[in-house]
Amino acid sequence: SESDLEQHFEHTIAKDQRIEPRDWLPEAYRKTMIRQIAQHAHSEIIGMQPEGNWITRAPSLRRKAILLAKVQDEAGHGLYLYSAAETLGGDRGDLTEKLISGRQKYSSIFNYPTLSFADVGVIGWLVDGAAICNQVPLCRSSYGPYARAMIRICKEESFHQRQGYELLMAMMNGTRKQREAVQDSVNRFWWPSLMMFGPSDDDSPNTAQSMAWKIKRHTNDELRQRFVDMTVPQAETLGVTLPDPDLAWNADRGHHDFGAIDWDELKQVISGGGPCNTERVERRRAAHEDGAWVREAAAAHARKQQQRKEA
Ligand code: FAQ
């Protein structure tokens, strides 16, 4: 009966075991999991644009090859995650429609422009750094296909992060102009990176239920704090200043204190009003429409194969 199934589900969660596609699960769990996985997939795909913007202008063949590979990895993560959403009954075409019609979200961070090549390094260092901080605990998320996807994705993200840090090291050892470009980029990306972790805990409608279901293992503020603590010493080694006068070690808490986040800015960017929202979604829409003939050809080919099999 329904209540036996529900009990089995609750047991599986309580024992820290995984929910698998064959298992019964509450509709609300399915809904929130599809939402999170789809938002994550959309972020990877939209996230190709800010860095992709610099592929043709990379300063050397080596940097170009590295950047191409990174952006391709992001495409791979996106497709991998759409497949995970499909195990819950999500339809890839439908999810894409929801993205390009503004009915589903993607990470706020990808709505900021990339103004110099230093941004490629800073995205690797800060944005991939924040992504790892958020995603490593998701390797223990209760939904099996998502948790397993995170393992591979995190391995690639940590490689991306080192790539960014290495690029910034090279620039910081370069000319004064290069050092200034890195600092300017850090100034622009620091606060938006902190916003990637989502609204503060008292303003996060999904956290309590997602923690109870062990979809999320830590709250938004916990992970944000972890990211700040991890990043401060890296900034020191690099020789850049994080643009927050209130950033200071707090010995009592054993953590860094940091200044107030501009939540109005996050709300505005999430609701479509960030600097590049329109451009990002339009570009995604154009790519989707340009690819219509490929989807039609693939469907026609599949039909033909099927007819041949039946003949
Ligand atoms: N931007 O109640 P909560 C990457 C939404 S990394 C936009 O706290 P939740 C790698 C939230 O979804 C980036 N929307 O929600 C890469 C919810 O939406 P709803 C992607 C945001 O789910 C690097 C509403 O606000 N990573 O792509 C943001 O419990 C470099 C209320 O928030 C993931 O998606 C935001 N910053 O916690 C690629 C990780 N924050 O219900 C290329 C998986 C919140 O209104 C280059 N996701 N919202 O539709 C998660 O861990 C969670 O979903 C959170 C949000 C922590 C993002």
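As shown above, the structure is provided for reference.
For the structure given in this document, a descriptive report is provided here.

What counts as what
The numbering scheme is per chain: residues are counted from 1 as the chain's sequence reads. The model is predicted, so local features are restricted to residues of pLDDT at least 70 and side-chain atom pairs to those at 80 or more, both for listing and for counting; the totals for chains, interfaces and linings are taken over all residues. Working from all heavy atoms in the structure, the side-chain values ignore hydrogens and water. Strands here mean DSSP runs of E at least two residues long; helices mean DSSP runs of H or I at least four residues long; both are numbered from the N terminus. When we talk radius of gyration, it's over C-alpha atoms, and the globule rule is simply 2.2 Å times the number of residues to the 0.38. Partly exposed describes any residue whose relative accessible area lies between the buried limit of under 20% and the exposed limit of over 50%, with all areas from a 1.4 Å probe on protein chains only and scaled to the type maximum. Residues are treated as being in contact if the distance between any of their heavy atoms lies within 4.5 Å. For the area figures, the Shrake-Rupley method with a 1.4 Å probe applies, and any residue is considered shielded solely by the protein chains shown. A carboxyl oxygen of Asp or Glu within 4 Å of a side-chain nitrogen of Lys or Arg is what we treat as a salt bridge. Residues are counted as near a molecule or strand when any one of their heavy atoms sits within 4 Å of it. In protein, a polar contact means a hydrogen-donor-capable atom and an acceptor-capable atom, both N or O and within 3.5 Å, with residues adjacent in sequence counting only if both atoms are side-chain atoms; elsewhere, any N or O pair within 3.5 Å suffices. Any residue outside Ala, Val, Leu, Ile, Met, Phe, Trp, Tyr, Cys, Pro, Asp, Glu, Lys and Arg is labelled polar, Gly included; the first ten of those are nonpolar and the last four are charged. Throughout this description, the term nonpolar core refers to a set of buried Ala, Val, Leu, Ile, Met, Phe, Trp, Tyr and Cys residues connected via side-chain atoms within 4.5 Å. Working definition: a ring pair exists when centres of Phe, Tyr or Trp rings (six-membered ring for Trp) sit within 6.5 Å. Plane angles under 30 degrees give stacked, over 60 give edge-to-face, the rest tilted. The axes are straight lines fitted to the C-alpha atoms, using for helices just the contacting stretch, and the angles between their N-to-C directions are given from 0 to 180°. Note on angle classes: values under 35 degrees are labelled roughly parallel, values over 145 roughly antiparallel, values of 65 to 115 roughly perpendicular, and the remainder oblique.

Some details on the overall build of the chain
Next, step 1: From N to C terminus, the chain includes 13 helices and 2 strands.
Next, step 2: Radius of gyration (C-alpha) of the chain: 21 Å, near the 19 Å computed for a compact globule of 311 residues.
Next, step 3: Per-residue burial for the chain yields a buried fraction of 49% across its 311 residues.
Next, step 4: Of all intrachain contacts in the chain linking residues separated by at least 6 positions in sequence, the fraction that spans at least 24 positions is 77%.
Next, step 5: Working note: accessible area of the chain is about 15900 Å², and carbon and sulfur atoms make up 54% of it.

Let's talk about the pattern of salt bridges
Next, step 1: Per the counting criterion, the structure on display carries 22 salt bridges.
Next, step 2: Salt-bridge contacts for Arg217 lead to Asp16; the nearest nitrogen and oxygen are separated by 3.0 Å. Placement of the pair is Arg217 in the loop between helix H9 (207-212) and helix H10 (220-238) and Asp16 in the loop between helix H1 (2-14) and helix H2 (27-46), with a sequence separation of 201 residues.
Next, step 3: Between Asp221 and Arg224 there is a salt bridge whose closest N-O contact spans 2.7 Å. Of the two residues, Asp221 and Arg224 are both situated in helix H10; the distance of 3 residues between them amounts to about one turn of the helix.
Next, step 4: Look at Asp221 and you get partly exposed, because its relative accessible area is 26%.
Next, step 5: Salt bridges here are not isolated pairs; linked through shared partners, they connect Glu51, Lys70, Glu74 and Asp128.

Notes on the site of the ligand
Next, step 1: As a matter of local geometry, the ligand sits amid 34 residues, with Gln39, Lys105, Ser204, Lys216 and Asn220 nearest to it.
Next, step 2: At a separation of 3.1 Å, a nitrogen atom of the ligand approaches a polar backbone atom of Met195.
Next, step 3: Pro205 is positioned with one of its backbone polar atoms (N or O) 3.3 Å from an oxygen atom of the ligand.
Next, step 4: About the coverage of the ligand: the protein hides 90% of its 1100 Å² of free accessible area.
Next, step 5: Mapped by element, the contributors of at least two residues to the shell around the ligand are H2, helix H4 (61-86), helix H6 (118-135) and helix H7 (144-172).
Next, step 6: No other element matches H2, which puts 6 residues into the shell around the ligand.
Next, step 7: Of the residues in the shell around the ligand, the class split is 12 nonpolar, 13 polar and 9 charged.

Regarding the nonpolar core
Next, step 1: Within the largest apolar cluster, 48 residues are counted, with the highest numbers of intra-cluster contacts made by Trp125, Val182, Phe189, Trp190, Phe227 and Val240.
Next, step 2: Counting only elements with at least two residues in this core, the list comes to H4, helix H5 (92-100), H6, H7, helix H8 (176-195), H10 and helix H11 (263-273).
Next, step 3: A per-element tally of this core places H6 first, with 9 residues.
Next, step 4: Excluding anything up to four places from it in sequence, Val182 contacts Ala118, Val122, Leu168, Met171, Met172 and Val240.
Next, step 5: Grouped together as the second largest cluster of nonpolar side chains are 27 residues, Leu25, Leu88, Leu95 and Ile153 included.

What to know about the packing of aromatic side chains
Next, step 1: Tallied over the entire structure, the rule returns 7 aromatic pairs.
Next, step 2: An angle of 80° between the planes, with centres 5.2 Å apart, marks the rings of Phe9 and Tyr29 as edge-to-face. You can see Phe9 sitting in helix H1 and its partner Tyr29 sitting in helix H2, a full 20 residues away along the chain.
Next, step 3: With relative accessibility at 1%, the residue Phe9 sits in the buried group.
Next, step 4: Seen from their ring centres, Trp54 and Phe117 are 6.2 Å apart, and the 75° between their planes marks the pair as edge-to-face. Pair noted here: Trp54 is in the loop between helix H3 (48-52) and H4 and Phe117 is in the loop between H5 and H6, with a separation of 63 residues, a long-range link.
Next, step 5: Exposure remark for Trp54: the relative accessible area of 10% places this residue in the buried category.
Next, step 6: Exposure remark for Phe117: the relative accessible area of 12% places this residue in the buried category.

Points about the packing of H7 against H8
Next, step 1: At a minimum axis distance of 8 Å, the contact between H7 and H8 shows a crossing angle of 140°. Taken together, the axis directions place H7 and H8 in an arrangement best described as oblique. Residues Leu168, Met171 and Met172 of H7 touch H8, and the partners they reach there are Gln178, Arg179, Ala181 and Val182.
Next, step 2: Classifying every residue of the contact of H7 with H8 by side-chain character gives 5 nonpolar, 1 polar and 1 charged.

Topic: unusual backbone geometry
Next, step 1: A positive phi angle, close to 65°, is found at Asp16, a residue other than glycine.
Next, step 2: At Lys214, a residue that is not glycine, the phi angle is positive and equals roughly 60°.
Next, step 3: Relative to the assigned elements, Lys214 resides in the loop between H9 and H10.

None of the figures reported here should be taken as evidence of function without further support.
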